[in-house]
Amino acid sequence: VVLAAAGLWAAAPAWPAGLFAPAGPTDSQAPIEIVSDRLVANTTEKWADFLGSVVATQDKFSMTSDALRIYYEGELMNAPAGGSAQEKIKRLEATGRVHIVSDQYTADAERAEYVPATDVLTLSGPNSRVVSGKNTLTGSIIVLNRSEGKALVEGAGTERVKAVFYQEEKGKAPEAGKSGRKNP
């Protein structure tokens, strides 16, 4: 199932565009902060494992997991003048009870992979789920291309893709301050 920002909204206008909306240009440029109980690094193979109660944050995006491995190039701790350590991070892989919170959605999966250069987040594992408001997407693999505003959801085996979209209630009074109409 491929959901594109231009294609799905006509069929389900109540689905929050925020889930697939392109992230702001500063989102993927903000620094990535990672906190954990333990750090194991391999400078020869260019990876670092953060283990135990991991919390990774970038701007309004946060991810918690049991473990997180980052892959990088060059010298992660010694960024060249004019460059940043974040530009050297190529991929983040989170495993074990992955929970993600952003200003657009929350997500849960057994595994998540994030590529900062492309702003693509891939969730995998049985019943991986993304929630935006009351709306949900569930599948074995969910790929969110945040910079292009696209999503791909796949099932595996007997697990099928499930999407639940809520319609806006017709005739519901607008929230206070949301209407340009004056009360008589």
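Residues numbered from 1 in each chain as written. Predicted model: local features only at pLDDT ≥ 70, side-chain atom pairs only at ≥ 80, totals over all residues. Heavy atoms only, no water.

## Observations regarding the overall build of the protein
- The secondary structure content of the protein amounts to one helix and eleven strands.
- Listed N to C, the secondary structure of the protein is β-α-β-β-β-β-β-β-β-β-β-β in terms of helices and strands.
- Looking at the protein as a whole, 39% of its 184 residues qualify as buried.
- Element-wise, carbon and sulfur atoms account for 52% of the exposed surface of the protein, whose accessible area totals about 10800 Å². (Helix = DSSP H or I, 4+ residues; strand = E, 2+ residues; numbered from the N terminus. Buried < 20%, exposed > 50% of the residue type's maximum accessible area, 1.4 Å probe, protein only. Areas by Shrake-Rupley, 256 points an atom, 1.4 Å probe, with all protein chains shown as cover.)

## Overview of the pattern of salt bridges
- For the structure shown, the criterion picks out ten salt bridges.
- Glu148 is paired through a salt bridge with Lys150; the nearest N and O atoms lie 3.6 Å apart.
- Residue Glu148 is classed as partly exposed on the basis of its relative accessible area, which comes to 47%. (Salt bridge = Lys/Arg side-chain N within 4 Å of Asp/Glu carboxyl O.)

## As for the nonpolar core
- In this structure, Ile34, Leu68, Ile100, Leu121 and Leu123 are the most contacted members of the largest nonpolar core, which totals 28 residues.
- Of all the elements in the fold, those that place two or more residues in this core are strand S2 (32–35), strand S4 (47–58), strand S5 (61–72), strand S6 (89–101), strand S7 (106–115), strand S8 (120–132), strand S9 (135–145) and strand S10 (150–154).
- Counting residues per element, this core draws most heavily on S6, which supplies five residues.
- Apart from the residues within four sequence positions on either side, Leu123 is in contact with Ile100, Ala107, Ala109, Arg111, Ala112, Ser128, Arg129, Val130, Ser140, Ile141 and Ile142. (Core = buried A, V, L, I, M, F, W, Y, C linked by side-chain atoms within 4.5 Å. Contact = heavy atoms within 4.5 Å.)

## Some points on the pairing of S8
- The sheet contact formed by S7 and S8 spans eight bridges and is antiparallel. Bridging from a neighbouring strand, Asp108 pairs with Arg129 of S8.
- Hairpin connection between S7 and S8: a loop of four residues separates the two successive antiparallel strands, and Asp119 in this loop has a positive phi of roughly 60 degrees.
- Pairing analysis gives ten bridges linking S8 to S9, with the strands arranged antiparallel. Paired with Leu123 across the bridge in S9 is Ile142.
- The turn joining S8 and S9, which pair antiparallel and follow one another in sequence, is formed by two residues; a positive phi near 65 degrees is taken by Gly133. (Pairing = 2+ DSSP bridges.)

## Let's talk about the pairing of S5
- Pairing of S4 with S5 involves ten bridges; the strand directions are antiparallel. The partner of Leu51 across the bridge, within S5, is Ala67.
- By the bridge criterion, nine bridges tie S5 to S6 in an arrangement that is antiparallel. Looking at S6, one finds that Ser62 is bridged to Val101.

## As for unusual backbone geometry
- Look at Asp59: it is not a glycine, yet its phi comes out positive at around 55 degrees.
- With respect to the helices and strands, Asp59 occurs in the loop between S4 and S5.
- In this structure, Asn127 takes a positive phi of about 55 degrees despite not being glycine.
- On the secondary structure map, Asn127 appears in strand S8.
- Exposure remark for Asn127: the relative accessible area of 54% places this residue in the exposed category.

These values are about where atoms sit, not about what they do.
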